[in-house]
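# Topology and contacts: notes
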Amino acid sequence: MSARYDAIVVGGGHNGLVAAAYLARAGRKTLVLERRPVLGGAAVTEEVFPGFKFSVFSYVVSLLRPEIIRDLELPRHGLQILPLESTVTPLDNGDYLASWADPDETRRELCRHSPRDADAAVVFGRLMHHMAMAVKPILGMVPPDPASLSPSDLAGLLKLGRHFRSLGPERFHALHKLMTMSSADYLDEWFEFDPLKATKSASGIIGTFLGPRSPGSAYVLLHHYMGEIDGAFRAWGFHKGGTGAISEAIARAARAHGAETRTGAAVERVLVRNGRATGVALASGEEIGASIVVSGLDPRLTFTRLVDPKDLPEALVDGVRRYKFRGSSGKVNLALAGLPDFTCLPGAGPHLRGAVSISPSLEYLERAYDDAKYGEFSRHPYMDIVLPSMIDPEMAPPGKHVMSVFVQYAPYHLNGGWTPTRREAFGDAVVKTLARYAPNIESLILHRQVLTPDDIERITGLSEGNIFQGELALQQLFFLRPVPEWAKYRTPIHGYWQCGAGTHPGGGIMGASGRLAALQILRSAA
Amino acid sequence: MLKTSPFHPRTAALVRAQTWRRWAGYQMASSYDPLPDREYAAIRSAAALLDVSPLYKYRITGRDAMRLLDRMVTRDMTKLKVGQVYYTPWCDGAGKVIDDGTVSRLGETTYRLTSADSSLRWLHMNAAGMEVAIEDLSERLGALSLQGPLSRAILSRLSAADLSALKYFRLLETTVRDIPVGISRTGYTGDLGYEIWVDASRAVALWDALIDAGTPFGITPAGVWALDIARVEAGLIMMDVDYFSAHHALIEQRKSSPFEINLGWAVAPSKGPFNGRRALAAERARGPRWSFVGLEIEWDSFERLYRAHGLPPQISNVAWRSSVPVYLGGRQVGYATSGCWSPLLKKPLALAHVQAPHFGAGTPLEIEVTVEHHRERAHAVVRKLPFFDPERKKA
Ligand SMILES: Cc1cc2nc3c(=O)[nH]c(=O)nc-3n(C[C@H](O)[C@H](O)[C@H](O)COP(=O)(O)OP(=O)(O)OC[C@H]3O[C@@H](n4cnc5c(N)ncnc54)[C@H](O)[C@@H]3O)c2cc1C
């Protein structure tokens, strides 16, 4: 077997594709191997039911790094982001809470519930904007190791120190609070209207086994604020054709630079000789040589499945073993014959073009978490609902709709384990809860796809179904992601690298891990 | 009081933030939502419905109809077939552009001209001694522009005509439900799209039919703000924004030849006598002194200007229309007249007049950007227009 490629990327998730595109762009002969028949990992579009296309897993975009969009000329390859303008939270008293595209309309709406909060929201928004500016440089940086004395680490730390000092005390303190507090406590400092706090805190629990009152959830909140579509922080959008079309655009950019992509090609293991990666062996038995192998899989698969843990230092293996996944999210995709009719806002209004958040109170969310804490799925879960076909009619046959329901909590470690019956019971709980707010929903359902964390793991490979390739918890972020000393995309095996969301800066359709890994690989070879 | 379009009874109810503007003496919507993002998105992703009734429209009939138009415009009207549309500028005797618009050949001796400005006097002046009838249809004819990738699917549901056979810049007469309409495959967005011409008395019925059939396809009423972004991406010029009509310019320097506004392709090199022929032939031989090009503003340098003030780049949801200096090595070599952040291409774009010889594609220039009350310069690169040219436009 000879080295037929300069680089093989294992896993065609969007991070793997980004890494491949940057490597190919730098002239490396690159091959992407994806196990599934489609590229994209958790960012895929599939026609689950004839005529109905779903962003099966991830469904909205914001975090995708603008430098990647520019470097890879993604608009030329099909990137097209459509506006997601509003969030409506139906309340238990039949009213609703909304945030609209227009700041004045949002303000007036908030005033209806709490004039004080309407004022606070403006100041809060500005602070979050500053926080997003504060973390932005970190997203574009290979994490320096504070325990290291190497010149590059020291230079990185110095840069970071200067950056934090330049924030000034007010912002630095806010950042510190966000890093340590619970989202509920943090929002308590700002707002009084409970459904507002609940809806905002929901961003702090997504993909995490935490409740809104658990410390650390405020960081996850911030993570969802730092996207910057079109220079505007915190803007979320749909992708034309679903999130799979983002992966497709990245794949097209990679191929335009000469990379090859192969689907239906599961990698069984990475070939290692004398502490060096030499290529991969596929499940089919085929072996392909390469001088660099990059894993886009999560840390568990990267370090304990693709290679033999015996080839790795004990501390690393131990760290990976203790790295927390604990998937807590499920997804229900519905093909609908028509539009849901929400009791709080009857008919087909503009609210159906945005998100509908089932987060009527902090207590509601915390109770949803309580179920999960004790090994059950939430009987009344938090849900983030969108109807992509409203703004992208080609996702469904004319007049029909696709509804994407992101659900929490659905614990990976369910009491008694997930079975087909339990999955459907979970689906029923989701639909029943939804029907409390939109009674006609059940009569509209043409097809229902229910995905538990167990399904997410089985289909995408994401361990324990964690949507971020591992929790966004402070102890596994930045220079600790995935484990101390191995946060710079390297592994102890020469020529074997990691580029998935399990590395800094973490999950979401962001591409930052893939980019930073590729730049690091190219730097090390230069 | 400004005039209102025949679709006003429907559009007025939709202008949520009272964002009206003037357009050729009409009161028209800048946008229906307070911000145009969704209306713009519809143009590129589904279908947008735009009221373009303020266009001036003339019917020209008679034995000499073709002769009149051929004498007036720069393209060769002897080549225009029945059922075909030409986009063309027209010039004064010195070869300076007066206006631009479309000429449709509706029948052997029947034509329709659209223009941005009133053209009645100019038509009559050019028709001296000819056997033609010129009819101003401006107020009698309503016009809707249905633009976007799903526009064909919507129209196909409403009309028995075979729209898949209607090629780019062709037109046909048909009915929509029972309303007689003309449909031309034209528009001002650089996308797949159609313009629909209807008698003003049936305008509201046409609007209702389109909304009804279009709703399952995401049809979205859109205003001028959305259109303005699309037309910058498509590199389409606008009279009295990107160039001055020779009839409006107060000084010579304000006038432009077709070659200077990227319409050289529309000047037929060999055709019979027409207004400006000699001047234009001379200019063709000499090469133009100015060109109208796309400028792509480089993000990194743009962002740096803002960063220096601790700000993220400020991006507007609305296109700008003002004169902005363009530099090369500290010397002004041109000026931009329109621009926008392209939500699709994810770049700040501008349309600019640039002096010879600095207008070749790829030329690095600088454009003025006002950041925090300071006049700064960002790097910009000359690009061939259009910035965005999807296959579906002509497919
Ligand atoms: C239900 C759900 C909803 C989400 N919603 C959002 C959202 O709305 N917005 C957002 O920004 N983020 C969202 N996320 C998170 C985001 O999608 C992920 O964090 C991100 O896509 C991870 O990308 P990745 O490339 O790092 O890894 P992955 O997408 O996990 O890619 C890994 C790839 O490797 C492949 N693979 C695995 N094993 C092998 C093997 N042995 N050989 C070859 N290939 C292999 C997998 O099939 C997969 O394609 C969501 C995630 C989920 C699961």
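In this text, all values refer to a predicted model and were calculated from it rather than measured experimentally. (Residues numbered from 1 in each chain as written. Chains lettered and ligands numbered in written order. Predicted model: local features only at pLDDT ≥ 70, side-chain atom pairs only at ≥ 80, totals over all residues. Heavy atoms only, no water.)

## Considering the overall build of chain A
- Check the secondary structure of chain A and you find 17 helices and 18 strands.
- Each principal axis of the C-alpha distribution contributes one length, and for chain A these read about 65 × 55 × 45 Å.
- Within chain A, the fraction of its 526 residues that count as buried is 62%.
- Excluding contacts between residues fewer than 6 apart, the proportion of contacts in chain A whose partners are at least 24 apart in sequence is 71%.
- Computed over 56 positive and 54 negative side-chain charges, the inter-centroid distance for chain A is 5 Å. (Helix = DSSP H or I, 4+ residues; strand = E, 2+ residues; numbered from the N terminus. Buried < 20%, exposed > 50% of the residue type's maximum accessible area, 1.4 Å probe, protein only. Contact = heavy atoms within 4.5 Å. Lys, Arg positive; Asp, Glu negative; His and termini not counted. Charge placed at Lys NZ, Arg CZ, Asp CG, Glu CD.)

## Observations regarding the UniProt feature "domain: GCVT N-terminal" (unreviewed entry) in chain B
- In the numbering used here, UniProt assigns the feature "domain: GCVT N-terminal" (unreviewed entry) to residues 12–270 of chain B.
- Split by type, residues 12–270 of chain B is 21% helix and 29% strand. Its first and last C-alpha atoms lie 48 Å apart. (UniProt positions renumbered as here; feature names shortened; annotations may be inferred.)

## Describing the interface of chain B and chain A
- Facing 29 residues of chain B, the contacting portion of chain A comprises 26 residues.
- The junction of chain B with chain A conceals about 2300 Å² of combined surface from both sides, 58% of it contributed by carbon and sulfur atoms.
- It is Arg38, Ser45 and Lys346 of chain B that lose the most area in chain B upon contact with chain A, and together they represent 26% of the buried surface on that side.
- For the interface between chain B and chain A, the tally reads four salt bridges.
- Where Arg38 of chain B meets Glu85 of chain A, a salt bridge forms, and the shortest distance between an N and an O atom there is 4.0 Å.
- Looking at the side of chain B that touches chain A, the elements with two or more residues in it are helix H2 (37–45) and helix H9 (299–307) of chain B. (Buried area = accessible area lost by both parts, 1.4 Å probe. Salt bridge = Lys/Arg side-chain N within 4 Å of Asp/Glu carboxyl O.)

## A look at unusual backbone geometry
Residues and elements named next belong to chain A.
- Cis geometry is adopted by the peptide bond preceding Tyr409, which originates at Gln408 and carries an omega value of 15°.
- You can see Tyr409 is positioned in the loop between strand E16 (401–408) and helix H14 (420–437).
- For Glu464, which is not glycine, the phi torsion reads 55° and is therefore positive.
- For Glu464, a relative accessible area of 9% translates into the label buried.
- Positive phi, normally seen in glycine, also occurs at Glu485, with a value near 75°.
- Within the secondary structure, Glu485 is located in the loop between helix H16 (453–460) and strand E18 (496–498).

## Some points on the packing of aromatic side chains
Residue and element names in this part refer to chain A.
- This structure, assessed with the given rule, holds 21 aromatic pairs over all chains.
- With a centroid separation of 5.0 Å and an interplanar angle of 75°, the aromatic rings of Tyr323 and Phe325 are classed as edge-to-face.
- With centroids separated by 5.5 Å and ring planes inclined at 65°, the aromatic side chains of Phe377 and Phe426 adopt a geometry described as edge-to-face. Taken as a pair, Phe377 in the loop between helix H13 (362–373) and strand E15 (382–386) and Phe426 in helix H14 lie far apart in primary sequence, 49 residues in all. Residues Phe377 and Phe426 agree in their burial class; the two are buried. (Phe/Tyr/Trp six-rings, centres within 6.5 Å; stacked < 30°, edge-to-face > 60°.)

## A few points about the domain arrangement of chain A
All names here are of chain A.
- Split by domain assignment, chain A resolves into domain 1 (2–43 + 59–80 + 240–323 + 471–525), domain 2 (120–224) and domain 3 (329–409 + 415–451).
- For domain 2 versus domain 3, the distance between C-alpha centres works out to 29 Å.
- The interface is formed by 18 residues belonging to domain 2 together with 15 residues belonging to domain 3.
- Both faces combined, the contact of domain 2 with domain 3 buries some 1400 Å², and carbon together with sulfur accounts for 63% of it.
- Applying the counting criterion to the domain 2 and domain 3 interface returns eight residue pairs in polar contact (both at pLDDT 80 or more).
- Of the residues belonging to the side of domain 2 that touches domain 3, the class tally is nine nonpolar, six polar and three charged. (Domains from an automatic or database assignment. Polar contact = N/O pair within 3.5 Å; in protein donor to acceptor, adjacent residues only side chain to side chain. Nonpolar A, V, L, I, M, F, W, Y, C, P; charged D, E, K, R; others polar.)

## Topic: the UniProt feature "binding site: substrate" (unreviewed entry) in chain B
All names here are of chain B.
- Here the UniProt-annotated "binding site: substrate" (unreviewed entry) positions come out as Glu195.
- On the basis of relative accessibility, which here comes to 9%, the residue Glu195 falls in the buried class.
- Not counting the four nearest positions on each side in its chain, Glu195 is found in contact with Val52, Leu144, Ser145, Gly182, Ile183, Ser184, Thr186 and Gly187.

## Section: the side chain of Asp371 of chain A
- Considering the arrangement of structural elements, one finds Asp371 of chain A in helix H13.
- Setting aside anything within four residues of it in sequence, one finds Asp371 of chain A in contact with Glu376, Phe377, Ser378 and Arg379 of chain A.

## Digging into the site of the ligand
Residues and elements named next belong to chain A.
- By nearness alone, 35 residues border the ligand, and Asn15, Glu34, Val60, Ile467 and Ile509 come closest of all.
- A distance of 2.8 Å separates an oxygen atom of the ligand from a polar backbone atom of Ala501.
- Gly508 places a main-chain nitrogen or oxygen 2.9 Å from an oxygen atom of the ligand.
- Relative to its unbound accessible surface of 1000 Å², the ligand loses 97% to contact with the protein.
- Listed by contribution, the elements that provide at least two residues to the shell around the ligand are helix H1 (14–25) and H16.
- Here the residues of the shell around the ligand sort into 18 nonpolar, 14 polar and three charged. (Near = heavy atom within 4 Å. Areas by Shrake-Rupley, 256 points an atom, 1.4 Å probe, with all protein chains shown as cover.)

## A look at the domain arrangement of chain B
- Each assigned domain of chain B is listed here: domain 1 (8–55 + 139–222), domain 2 (57–136) and domain 3 (276–391).
- Placing the centre of domain 2 of chain B and that of domain 3 of chain B at their C-alpha centroids yields a distance of 33 Å.

## Overview of the environment of Ser443 of chain A
Residues and elements named next belong to chain A.
- Residue position: Ser443 is located in helix H15 (residues 441–444).
- Along the backbone, Ser443 and Pro169 are 274 residues apart, and their C-alpha atoms lie at a distance of 55 Å.
- Reaching out from Ser443, the side chain makes a polar contact with the backbone oxygen of Asn440 at a distance of 2.7 Å.

## Here we look at the sheet that holds strand E6 (residues 97–107) of chain B
Residue and element names in this part refer to chain B.
- Taken in spatial order, the five strands line up as E5-E6-E7-E4-E8 in an open sheet, and their pairing is antiparallel. Strand pairing shows two members of the sheet lacking a second neighbour, strand E5 (85–91) and strand E8 (133–136), which therefore form its edges. Each adjacent strand pair in this sheet contributes to an overall mean axis angle of 25°, direction not counted.
- Here six bridges tie strand E4 (residues 56–61) to strand E7 (residues 110–115), and the two strands are oriented antiparallel to one another. Within the sheet, the bridge partner assigned to Tyr58 lies in E7 and is Leu113.
- Packing of helix H3 (residues 65–72) onto the sheet brings it into contact with E4, E5, E6, E7 and E8, and relative to E7 it is tilted by some 30°. (Pairing = 2+ DSSP bridges. Axes fitted to C-alpha atoms, helices over the stretch in contact; angles between N-to-C directions.)

## Regarding the nonpolar core
- Formed by 100 residues in total, the largest nonpolar core has its most connected members in Tyr186 and Met403 of chain A.
- Here this core gets twelve residues from one element, more than from any other, and that element is helix H4 (residues 115–139) of chain A.
- Residues within four places of Met403 of chain A in sequence aside, it is in contact with Phe54, Val332, Asn333, Leu334, Leu336, Pro340, Ile385, Val386, Leu387, Leu434 and Ile441 of chain A.
- Leu50, Leu141, Cys340 and Phe388 of chain B belong to the second largest nonpolar core, which has 42 residues in total. (Core = buried A, V, L, I, M, F, W, Y, C linked by side-chain atoms within 4.5 Å.)

## A short note on the confidence of the model for chain B
- In the predicted model, chain B carries a mean pLDDT of 97, and the fraction of residues at 70 or more is 100%.
- The ipTM for the predicted assembly is 0.93, set against a pTM of 0.96. (pLDDT = per-residue confidence, 0-100.)

## Comments concerning the environment of Thr102 of chain B
Residue and element names in this part refer to chain B.
- Checked against the element boundaries, Thr102 lands in strand E6.
- For Thr102, a relative accessible area of 13% gives the class buried.
- In this structure the C-alpha to C-alpha distance between Thr102 and Val85, which are 17 residues apart in sequence, comes to 6.6 Å.
- Here Thr102 is in contact with Val85, Tyr86, Tyr87, Arg112, Leu113, Thr114 and Phe169, once residues within four sequence places are set aside.
- Polar side-chain contacts of Thr102 include one of 2.7 Å to the side chain of Thr114.

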